[in-house]
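In case you want the letters, here they are:
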Amino acid sequence: DIEEAKKLILYSKNMNIKPVGVFFNEKISTVENYIDQLGLNFIQLHGKENDDYICEIKQKGHLKVIKSLSIKSKKDLNKVENYKNNDFFLLDYKAEKNDLPGGNAKQFDWSVLIDFKIEKPWFISGGINISNINNIKNYTNPNGIDLSSGVEEAPGIKSVELINNLLKKYNGY
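The following paragraphs examine the structure supplied in this document. For clarity, every value in this text was computed on a predicted model and none was experimentally measured. (Residues numbered from 1 in each chain as written. Predicted model: local features only at pLDDT ≥ 70, side-chain atom pairs only at ≥ 80, totals over all residues. Heavy atoms only, no water.)

Across the sheet, six strands lie side by side as 1-2-3-4-5-6; this open sheet has parallel pairing. One side of each edge strand has no neighbouring strand; the edge strands of this open sheet are strand 1 (20-23) and strand 6 (144-146). Neighbour-to-neighbour, the strand axes of the sheet open up by a mean angle of 25°, direction not taken into account. (Pairing = 2+ DSSP bridges. Helix = DSSP H or I, 4+ residues; strand = E, 2+ residues; numbered from the N terminus. Axes fitted to C-alpha atoms, helices over the stretch in contact; angles between N-to-C directions.)

Here it is, written out as structure tokens:
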């Protein structure tokens, strides 16, 4: 809820972390309400939002939009051509029929990213953990890595130690 989000944003500002509002198939008016009430500068869209939706949302001002794309095969990478108004892409696992729309702790076949080149910055997501983090380097060099369940000590509870260990391994420390 908005009150809890306000607390998280206040906490994040003290740590120099830029908050990101994450939305899945929300009405534009709902997203705009969150943007206004929370002063968001970044939003991440995980649903079926199209380029027109993104264009309308960006009329709110200095807003950066991360559009998540579900990837299963090399063909799915062509979806980047459908988006001109977003600022970043997040390439994530394509949920199967009985999966949740996100947070499945599953990765897509990263080999489809060999020779993947686009103009916009992009992140990789989906099932990334300490045992597979360096495999990303075998296939690609993303602008960022989105971590979630792979750095949790319990469902929904992130571990600073797991995050630090994963980053040390990725950076070769």
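After that view, the rundown keeps rolling.
This brings us to the packing of helix 1 (residues 2-14) against helix 2 (residues 28-38). At a closest axis distance of 10 Å, the pairing of helix 1 and helix 2 adopts a crossing angle of 45°. As judged from the angle between their axes, helix 1 and helix 2 are oblique. Between helix 1 and helix 2 lies a crossing whose hand is right-handed. On helix 2, the residues that touch I2, A5, K6 and I9 of helix 1 are N33, Y34, Q37 and L38. (Parallel < 35°, antiparallel > 145°, perpendicular 65-115°, else oblique. Left-handed = near helix turned anticlockwise from the far one by under 90°. Contact = heavy atoms within 4.5 Å.)

Right, let's talk about the nonpolar core for a bit. One finds I43, I57, L91, F108, L113 and I124 to be the most contacted residues of the largest nonpolar core, which totals 36 residues. When contributions to this core are tallied by element, the ones reaching two or more residues are helix 1, helix 2, strand 2 (42-45), helix 3 (51-58), strand 3 (64-71), strand 4 (88-93), strand 5 (122-125) and helix 5 (160-171). Among the elements that line this core, the one with the most residues is helix 2, at four residues. Ignoring any residue separated from it by four or fewer positions in sequence, one finds I43 in contact with V20, G21, F23, V31, I35, I57, L63, K64, V65 and I66. (Core = buried A, V, L, I, M, F, W, Y, C linked by side-chain atoms within 4.5 Å. Buried < 20%, exposed > 50% of the residue type's maximum accessible area, 1.4 Å probe, protein only.)

On to the pattern of salt bridges, then. Scanning all chains against the criterion turns up nine salt bridges. The closest approach of N and O atoms between D87 and K58, which form a salt bridge, is 2.7 Å. With D87 in the loop between strand 3 and strand 4 and K58 in helix 3, this pair connects stretches of sequence that are 29 residues apart. Taken together, the shared-partner salt bridges in this structure form one network comprising D76, K79 and K94. (Salt bridge = Lys/Arg side-chain N within 4 Å of Asp/Glu carboxyl O.)

If a probe as big as a water molecule is rolled over the atoms, it shows which places are left empty. There is about 1,600 Å³ of room inside the largest pocket. Lining the largest pocket are 50 residues, and of these V20, V22, Q44, D146 and L147 sit closest to its centre. Broken down by secondary-structure element, the contributors of at least two residues to the lining of the largest pocket are helix 1, strand 1, helix 2, strand 2, strand 4, strand 5, strand 6 and helix 5. Looking at the lining of the largest pocket, the element that brings in the most residues is helix 1, giving five residues. Classifying every residue of the lining of the largest pocket gives 29 nonpolar, 14 polar and seven charged. The calculated volume of the second largest pocket comes to roughly 320 Å³. Contributing to the lining of the second largest pocket are 17 residues, with F24, H46, G47, K48 and S70 lying nearest its centre. Of all the secondary structure elements, the ones that give two or more residues to the lining of the second largest pocket are strand 3 and strand 4. Counting residues per element, the lining of the second largest pocket draws most heavily on strand 3, at four residues. (1 Å grid on protein atoms, 1.4 Å probe; cavity = no way out; pocket = protein on both sides within 12 Å on 5 of 7 lines; lining within 4 Å. Points joined across faces, edges and corners; volume = space filled by probe spheres on them. Nonpolar A, V, L, I, M, F, W, Y, C, P; charged D, E, K, R; others polar.)

Here we take up the packing of aromatic side chains. Taken as a whole, this structure holds four aromatic pairs when the rule is applied. Seen in terms of ring centroids, Y83 and F89 are 6.3 Å apart; in terms of plane orientation they differ by 75°. Their pairing is edge-to-face. For the pair Y83 and F89, a shared accessibility class is recorded, and that class is buried. Consider the rings of F88 and F123, whose centres lie 5.6 Å apart with planes at 20°: the pair is stacked. Taken together, the residues F88 in strand 4 and F123 in strand 5 connect sequence positions 35 residues apart. Above the plane of the ring of Y170 lies K137, whose end atom (NZ or CZ) is 4.6 Å from the centre. (Phe/Tyr/Trp six-rings, centres within 6.5 Å; stacked < 30°, edge-to-face > 60°. Lys NZ or Arg CZ within 6 Å of the ring centre and 35° of its normal.)

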